[in-house]
Amino acid sequence: MSEFTTELAETTAAIIEHVGADADTPAEGMSGALWTQLADGGFVTVGVPETAGGGGAALGDALAVVTTAARHGAVVPLVEHGILAAWLAATAGHVLTSEIATAAKGDAQCSVRRHGDNLLFDGTVTGVPYAADADTLVVILPPNPGAGGSSVAVVAMSGSGADISAETDLI
């Protein structure tokens, strides 16, 4: 945390109170208006490195924004976009330019292969929060045999073959 943690939390609360949060359970879906306000203010990527387009704040600052949003019942993908997808992509050398990203764990059946000048993600991931709202999916792929670590695939959800089926999240 930093000297800005309290100010970040208070400003996040003020934005949510101004825009409003859906108190129905299950919620109808993500609050687009609230997400836009938080994104315009830089709150959705506050913990992402500045070199990757984020605010460069400490993880504690980002979690203060998330905690405040959760306390106010805000249905927005702060954890999925800023804490997981954008940060993970940044650590792998990618800068996300998407409006909404989410993250998933790929299994051994998932892979990335070259097709001409393009890299193609091949596989199925399930249980992906906010997949229906996201324009980008960041997938953590298991290490290849003999490889030193996992790899990351940044997948445009608008690409051909991207198929999303929605389910109800009862959170």
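Predicted model, so just to flag it, every value in this text is computed and none were measured.

Caption draft 1: Quick look at the overall build of the protein. Along the protein, the regular secondary structure elements total four helices and five strands. Counting from the amino terminus, the protein carries its helices and strands in the arrangement α-α-α-α-β-β-β-β-β. Counting the 171 residues in the protein, one finds 35% classified as buried. Accessible surface, the protein: about 10100 Å² in total, of which carbon and sulfur atoms supply 50%. For the protein, the separation between the mean place of its 4 positive charges and that of its 20 negative charges on side chains is 16 Å.

Caption draft 2: View of the pairing of strand β4 (residues 136-141). The buried fraction of β4 is high, at five of six residues. Alignment of strand β1 (residues 101-105) against β4, held across five bridges, turns out to be parallel. What sits directly across from A103, in β4, is V138.

Caption draft 3: Inspection of the sheet that holds strand β5 (residues 151-156) at higher detail. The strand order β1-β4-β5 describes an open sheet built from three strands, whose pairing is mixed. Sheet topology places β1 and β5 at the edges, where each strand pairs with a single neighbour. Direction aside, neighbouring strands of the sheet carry axes that sit 25° apart on average. Packing of helix α4 (residues 78-91) onto the sheet brings it into contact with β1, β4 and β5, and relative to β1 it is tilted by some 70°.

So, how was this worked out
Residues numbered from 1 in each chain as written. Predicted model: local features only at pLDDT ≥ 70, side-chain atom pairs only at ≥ 80, totals over all residues. Heavy atoms only, no water. Helix = DSSP H or I, 4+ residues; strand = E, 2+ residues; numbered from the N terminus. Buried < 20%, exposed > 50% of the residue type's maximum accessible area, 1.4 Å probe, protein only. Areas by Shrake-Rupley, 256 points an atom, 1.4 Å probe, with all protein chains shown as cover. Lys, Arg positive; Asp, Glu negative; His and termini not counted. Charge placed at Lys NZ, Arg CZ, Asp CG, Glu CD. Pairing = 2+ DSSP bridges. Axes fitted to C-alpha atoms, helices over the stretch in contact; angles between N-to-C directions. Contact = heavy atoms within 4.5 Å.

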